[in-house]
Amino acid sequence: MKKIIKNKRCRSCKKQNLKRVLKYENSPIGDDYRKYPHIHEKFPIELYLCKSCGLSQLLHVINPNILYSKYIYKTEDSPGLVKHFKNFATNVTKKLNLKKNSKILDIGSNDGVLLKEFKKKSHIVCGIEPAKKISDEANKKNIKTYNDFLNQKLSKKILTKEGQFDLIVSNNVFANVDNINQWAEDIKILLKKSGSYVFETYYLYKLLKNKVFDFIYHEHLTSFSVKPLCKFFETHNLVLYDVDLISTKGGSIRCYVAHKGKRKVTKNVKYFVKKENDYGIFKEKRFITFQKEINLLANKTYNFLSKAKLSSKNKKKEIKIIGYGASISCTTLLYHYKIKNFLDYIVDDNKVKLNRYLPGSNIKVERSKKLFKTKPDLVLILAWRFSKMIIKNLKKLKGKTRIKVIIPCPKFKVIKL
């Protein structure tokens, strides 16, 4: 496969009835934080709407071996997700009435945090994880993990060695898959007739309502909603029979899928479809409004920082502007807002990101404790969904120092601490 390709057909229905509805500034691969300054190649981020089936998707697809072979993110580094997956295991086990020794497969199992919780409940677990280093660590923890992407060859291999599964899960993975039709066929092969496929993904409806624009990036090839998912699974003789709304990722959905005729479709499914239709997420007009809203926020943030820099030069006192947050979505924000050159450095307490550099820059990631040794004038909260928690942390760190905090989304705000 080439470094990048551009699809000409819808990822789901294969029709060419596609309309570009969102366009961001080109950016490097969002999570490619390296140990040294580096000029990264930039790739397009453009969202297209299929007018035939309603699926929203990126058509530019970066080779997954480039995206994931050196993937450094681990679930255990995010305390919030560790707690979330613990609850996931409990709730799904109860909802599906899973018996002891039920067989569970996690696709995109990362470091095995979720499977570990299922294992505690006396289930038989197995994972698939393409990042070599992370899958090796999971195997060392006695979480059996296949180091590969889900594909036809692997699904047949697992079927031979492990048999079929009572439950297949994939959390925050399905949106990253290009060939979703083959994915569905692989699920069918590995899923028992009485089994369920349960996956979580960020939700397009909530993304638009909550302005979580920076969750559209190169890895997130598809922005799912319930209506097109129903159509998609139906074509594979599967049924989306239930949906839960959850708070992760700025608003996500947990979807329950089974072989056709094995589960009764709940009222929840119709409820979500109605909400999507009422909000107009299958119409170009909704995205045009969204693009204008995001660009307005970008301009406000850029203009504020630009004036602050200019004012400091006139006063012959160089202003210090620090970014708070070094996630993959922060890269999308910095490049689309065109503000990365204003930053002196970024702080984040995720040890995986420390002493690495923001993709495509010489901007280093430091510990948050460094903030008030250098006494910044402005702190720009890049991980804006966690603004309350970050502001609370800043108040503890700042002592008597007076600073301004900038929140760039979902509303532009400047707060004095």
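See the structure shown above.
Conventions and cut-offs
- Residues numbered from 1 in each chain as written.
- Predicted model: local features only at pLDDT ≥ 70, side-chain atom pairs only at ≥ 80, totals over all residues.
- Heavy atoms only, no water.
- Phe/Tyr/Trp six-rings, centres within 6.5 Å; stacked < 30°, edge-to-face > 60°.
- Lys NZ or Arg CZ within 6 Å of the ring centre and 35° of its normal.
- Helix = DSSP H or I, 4+ residues; strand = E, 2+ residues; numbered from the N terminus.
- Polar contact = N/O pair within 3.5 Å; in protein donor to acceptor, adjacent residues only side chain to side chain.
- Contact = heavy atoms within 4.5 Å.
- Pairing = 2+ DSSP bridges.
- Axes fitted to C-alpha atoms, helices over the stretch in contact; angles between N-to-C directions.
- Parallel < 35°, antiparallel > 145°, perpendicular 65-115°, else oblique.
- Nonpolar A, V, L, I, M, F, W, Y, C, P; charged D, E, K, R; others polar.
- Core = buried A, V, L, I, M, F, W, Y, C linked by side-chain atoms within 4.5 Å.
- Buried < 20%, exposed > 50% of the residue type's maximum accessible area, 1.4 Å probe, protein only.
- Expected span 1.5 Å × (residues − 1).
- Arc of directions from axis to C-beta.
- Disulfide = S-S within 2.5 Å.

> Which parts of the structure should I look at to understand the packing of aromatic side chains?
Two descriptors summarise a pair of aromatic rings, namely the distance from one centre to the other and the angle between the planes of the rings. Within the structure shown, the criterion is met by 22 aromatic pairs. The cationic tip of Lys103 hangs over the ring face of Phe165; the distance from NZ or CZ to the ring centre is 5.5 Å. Over the face of the ring belonging to Tyr279 we find Arg286, whose NZ or CZ atom lies 4.0 Å from the ring centre.

> Quick question: what am I supposed to make of the side chain of Ser223 here?
With respect to the helices and strands, Ser223 occurs in strand β11 (residues 222-223). Engagement of the side chain of Ser223 in a polar contact is seen with the side chain of Tyr202, the distance being 2.7 Å. Other than its neighbours up to four places away in sequence, Ser223 contacts Leu47, Ser56, Tyr202, Leu204 and Ile216.

> Explain the sheet that holds strand β17 (residues 378-381) here, please?
Pairing between sheet strands relies on hydrogen bonds along the backbone, with the strands arranged either parallel or antiparallel. Strand order across the open sheet formed by 6 strands is β16-β15-β14-β17-β18-β19, with mixed pairing between neighbours. The strands lining the two open edges of the sheet, one partner per strand, are β16 (365-366) and β19 (413-416). Where β17 lies against strand β18 (residues 404-407), 3 bridges are found, and the strand directions are parallel. Bridge pairing in β18 places Val379 opposite Val405.

> Would you take a moment to explain the sheet that holds strand β12 (residues 238-246) for this structure?
Strand order in the open sheet formed by 7 strands is β8-β7-β6-β9-β10-β13-β12, with mixed pairing between adjacent strands. Looking at strand neighbours, the two that pair on one side only are β8 (145-146) and β12, the edges of this open sheet.

> How should I be thinking about the packing of helix α5 (residues 152-162) against helix α6 (residues 180-190) in this particular structure?
Helix packing for two helices is described by the angle between their axes and how far apart those axes are. Where α5 meets α6, the closest approach of the two axes is 10 Å, and the angle between their N-to-C directions is 5 degrees. Comparing their axes, α6 and α5 come out roughly parallel. Each of Gln152, Ser155, Ile158 and Leu159 in α5 lies in contact with α6, whose residues at this interface are Gln182, Asp186, Ile189 and Leu190. The residue makeup of the contact of α5 with α6, split by class, is 4 nonpolar, 3 polar and 1 charged.

> Even after reading the chapter, I still don't get the nonpolar core, so can you show me in this structure?
If you look at the biggest cluster of nonpolar residues, it comprises 107 residues, and the most contacted ones within it are Phe174, Tyr197 and Phe233. Setting aside its immediate chain neighbours within four residues, Phe174 contacts Ile180, Trp183, Tyr197, Phe199, Phe224, Leu229, Phe232 and Phe233. Membership of the second largest hydrophobic core comes to 22 residues, among which are Leu81, Phe85, Val125 and Ile143.

> Can you walk me through helix α9 (residues 267-279) in this structure?
The α-helix winds at 3.6 residues per turn, so residues separated by three or four positions along the chain end up facing the same way. The end-to-end C-alpha separation of α9 is 19 Å, in line with the 18 Å expected for 13 residues at 1.5 Å each. Listing the buried residues of α9 in full gives Val269, Phe272, Val273 and Glu276. Burial along α9 is one-sided: seen end-on, the buried residues are contained in an arc of 100 degrees. Opposite the buried face of α9, by more than 90 degrees, sit the exposed residues Lys267, Lys270, Lys274 and Asp278. Tucked inside the fold, the buried residues of α9 contact α7 (204-209), α8 (226-235) and β12. Looking one or two residues beyond α9, the residue adopting positive phi is Gly280, at roughly 80 degrees.

> Would you explain the environment of Arg9 in this entry?
Residue placement: Arg9 occurs in the loop between β1 (4-6) and β2 (18-27). Here Arg9 falls in the partly exposed class, since its relative accessible area comes to 44%. In contact with Arg9, other than residues within four places in its own chain, are Lys14, Lys15, Gln16, Leu18, Gln57 and Leu59. Reaching out from Arg9, the side chain makes a polar contact with the backbone oxygen of Lys14 at a distance of 3.1 Å.

> How should the state of the cysteines be read in this particular structure?
Two cysteines joined by a covalent bond between their sulfur atoms form a disulfide. The tally for this structure, following the rule as stated, stands at 0 disulfides. Distance from the sulfur of Cys10, which forms no disulfide, to the nearest cysteine sulfur (Cys53) is 3.6 Å. Overall, Cys10 belongs to the buried group, its relative accessible area being 0%.

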